[in-house]
Amino acid sequence: MKLELSRVVQGCRRGVLTGLGRSGGHSLELPGCLLYTRCASVPHLTHDTLHNLPHLPTVTQISLDSLAEHQEVLEEFREGVAKFAGLHDTVLFCSLHDLATPRPSGYNTNKTVSVWGSGGRIELSATRYMALQAAVRPDWYQSLADGETPPSASRKRARKAVDRTLTHLDECLSLHHQTQELRGAEIFGVVEGGDMLEERVRSARETAKRPVGGFVLDGFHSDAMEPELRGQLIAAVTKELPEDKPRLLLGIGRPDEVLACVEAGVDLFESSFPFQVTERGCALCFSFSIEPDPESAVLERNGPQGDGGGPGVRGATAQNHPEQMTPFEMNLKDKRYRDDFRPLVVGCECYCCRNHQRAYLHHLLVTNELLAGVLLMLHNLAHYCGFFCALRGALESGRLQALRQRLLQGEGGV
Ligand SMILES: [Zn+2]
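Residues numbered from 1 in each chain as written. Predicted model: local features only at pLDDT ≥ 70, side-chain atom pairs only at ≥ 80, totals over all residues. Heavy atoms only, no water.

Caption draft 1: Region of interest: the overall build of the protein. Assigned secondary structure in the protein consists of 14 helices and 16 strands. Radius of gyration (C-alpha) of the protein: 21 Å, near the 22 Å computed for a compact globule of 414 residues. A buried classification covers 56% of the 414 residues belonging to the protein. Within the protein, residue pairs in contact and separated by at least 24 positions form 70% of the contacts whose partners lie at least 6 positions apart. As presented, the protein carries roughly 17,200 Å² of accessible surface, and 49% of it is formed by carbon and sulfur atoms. Charge-centre separation for the protein: the mean point of 44 positive side chains lies 3 Å from the mean point of 52 negative side chains. (Helix = DSSP H or I, 4+ residues; strand = E, 2+ residues; numbered from the N terminus. Rg over C-alpha atoms; globule rule 2.2 N^0.38 Å. Buried < 20%, exposed > 50% of the residue type's maximum accessible area, 1.4 Å probe, protein only. Contact = heavy atoms within 4.5 Å. Areas by Shrake-Rupley, 256 points an atom, 1.4 Å probe, with all protein chains shown as cover. Lys, Arg positive; Asp, Glu negative; His and termini not counted. Charge placed at Lys NZ, Arg CZ, Asp CG, Glu CD.)

Set out below in structure tokens:
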């Protein structure tokens, strides 16, 4: 794996990761996102439906909590999750938790971290964790980490999270080199430390001394801290990390928050946000076009999109409250769409927008048809990937400020 930066503007890194995967044949543009999955499939979509979409991320994220209880099956299968789940040719990144699924806290110890599957709690030591990774056979995976540092956590708890995570990393690294199934895979070190600057910097420095392929920035999700503090902490962390390795941020997906984190030096994001939007029956409709032709600008302004949230939603920073709508989406369950015969987003090239109207989506939602989730997921994913394309374009043309204004404009009504 090789990271080549083509441009760094005020902390924002534009580049490309090449030589990815066991074959070395994949590449990924930065900043970018990973494809979010549950049990190794994009929710609602078969692989063939998914691959109707252009510009999909070349790296697919899976999480261990949904796979841990199937360890024996995977060990018996012997060929890894990518083949088990019938994934198309992709690079596989395995994270510890699915951050879009709430889980109980307070179960981590010095020696173990717990994950929760459908059958309950599974306690993972570094040895058990690495045996699982050997069965999963990802191309990238994060090391075992203690990420339990909520805003109420003490300095002592933050220090413990950093120490434990470094101990887990050293154990994982030593087992990594002895594991035949993980040959050619990259291990990502995890930066912890809660909201304590000193601990964050220590975590970053110590992790950077280890032979890791990249870094996972954990514990920065929306519930954990205010955006301003998050930006400051991330900037302090990325300053300590080597330039030539990717930085992946977990738990952040709102477009405005993504942009702020890119400015703090983050390269990669999860894409659970479009899934959460889909689950509440909404469609992403924010504009990321910074060079709109006059006609479509007028269409957008006249459209009802963007104003579906109501005053209570404006500026809400609650990505982790799946039921709470953000200003970047429209609620298709709303009566106003009953006879709205426009596509979800005018000009969107996705399957849903090319073939269906808002009124049809409204009908599918009120009659509780599963197709609603399929069509919304297709559009939301396409829209989200389009946003990342626009973000890279804005970085290249030095128009990040214009993109930021466009996103803020969308907030509270286009
Ligand atoms: Zn669409």
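Caption draft 2: Spotlight on the coordination of the zinc ion. Every protein donor of the zinc ion is accounted for by Cys348 (SG), Cys350 (SG), Cys353 (SG) and His379 (ND1), and the metal-donor separations fall at 2.1 to 2.3 Å. Bound by four donor atoms, the zinc ion shows angles of 99 to 117° at the metal and therefore tetrahedral coordination geometry. On the primary sequence, the residues serving as donors to the zinc ion are separated as C-x1-C-x2-C-x25-H. With Cys348 in the loop between strand 16 (329-331) and helix 11 (351-355) and His379 in helix 13 (residues 370-396), this residue pair connects regions lying 31 residues apart in the sequence. Assigned by exposure class, Cys348 and His379 land together as buried. (Donors = N, O, S within 2.8 Å, 3.2 Å for Na, K, Ca; no water. Tetrahedral: all angles 85-135°; square planar, octahedral: opposite > 155°, others 65-115°.)

Caption draft 3: Main features of the pairing of strand 8 (residues 112-117). Of all the six residues making up strand 8, five are buried; the element is thus mostly covered by neighbouring parts of the structure. One ladder, built from six bridges, connects strand 8 with strand 9 (residues 120-125); its direction is antiparallel. Bridge pairing in strand 9 places Val113 opposite Leu124. Counting the residues between successive antiparallel strands, the hairpin from strand 8 to strand 9 contains two residues. (Pairing = 2+ DSSP bridges.)

Caption draft 4: Fine view of the sheet that holds strand 12 (residues 214-217). Spatially, the nine strands line up as an open sheet ordered 4-14-13-12-11-10-7-6-5, and their pairing is parallel. Whereas interior strands pair on both sides, the edge strands pair on one side only; in this sheet they are strand 4 (32-33) and strand 5 (35-36). Of the strand pairs in this sheet, strand 13 (residues 247-249) and strand 14 (residues 268-269) are connected by two bridges, and their pairing is parallel. Of the residues in strand 14, the one forming a bridge with Leu249 is Phe269. Each of strand 11 (186-191), strand 12 and strand 13 touches helix 7 (residues 227-240); the most contacted strand, strand 12, lies at about 165° to it. (Axes fitted to C-alpha atoms, helices over the stretch in contact; angles between N-to-C directions.)

Caption draft 5: Representation of the confidence of the model for the protein within the structure. Per-residue pLDDT for the protein has a mean of 90; in total, 91% of the residues score no lower than 70. Here residues 294-320 is modelled with pLDDT under 50, and outside its nearest four sequence neighbours on either side it reaches 59 contacts, counting other chains as well. (pLDDT = per-residue confidence, 0-100.)

Caption draft 6: Layout of helix 13. Here helix 13 is 27 residues long and its end C-alpha atoms lie 40 Å apart, about the 39 Å a rise of 1.5 Å per residue gives. Counting buried positions along helix 13 gives 20 out of 27 residues, so the element sits mostly inside the fold. Backbone geometry just downstream of helix 13 places Gly398 in the positive-phi region, at approximately 65°. (Expected span 1.5 Å × (residues − 1).)

Caption draft 7: Spatial organisation of the sheet that holds strand 1 (residues 2-9). If you trace the three strands from one edge of the open sheet to the other, you get 1-2-3, paired in antiparallel fashion. Since the sheet does not close on itself, it has two edges, and those belong to strand 1 and strand 3 (26-30), each with one partner. Across the sheet, the mean angle from the axis of one strand to that of its neighbour is 10°, orientation sign disregarded. When strand 2 (residues 12-20) meets strand 3, the two strands line up antiparallel, connected through four bridges. The residue of strand 3 that forms the bridge with Leu17 is Leu28. Contacting strand 1, strand 2 and strand 3, helix 13 runs over the sheet at an angle of about 120° to strand 2.

Caption draft 8: Spatial organisation of the pattern of salt bridges. With the rule as written, the count across this model stands at 25 salt bridges. With its nearest N and O atoms 2.8 Å apart, the salt bridge here joins Asp267 to Arg13. Of this pair, Asp267 sits in the loop between helix 8 (255-263) and strand 14 while Arg13 sits in strand 2, placing them 254 residues apart in sequence. For the pair Asp267 and Arg13, one class covers both residues: buried. The residue Arg358 makes a salt bridge to Asp340 at a minimum N-O spacing of 3.1 Å. Here Arg358 is found in helix 12 (residues 358-366), whereas its partner Asp340 is found in the loop between strand 16 and helix 11, with 18 residues between them in sequence. Each member of the pair, Arg358 as well as Asp340, is classed as buried. (Salt bridge = Lys/Arg side-chain N within 4 Å of Asp/Glu carboxyl O.)

Caption draft 9: Layout of the nonpolar core. In this structure, Tyr129, Leu217, Leu249, Val258, Phe269, Phe387 and Leu391 are the most contacted members of the largest nonpolar core, which totals 71 residues. Excluding its chain neighbours within four sequence positions, the residues that come into contact with Leu217 are Val191, Ile234, Val237, Thr238, Leu241, Leu248, Leu249, Leu250 and Val266. Within the second largest apolar cluster, 30 residues are counted, among which are Cys348, Cys350, Leu361 and Ala372. (Core = buried A, V, L, I, M, F, W, Y, C linked by side-chain atoms within 4.5 Å.)

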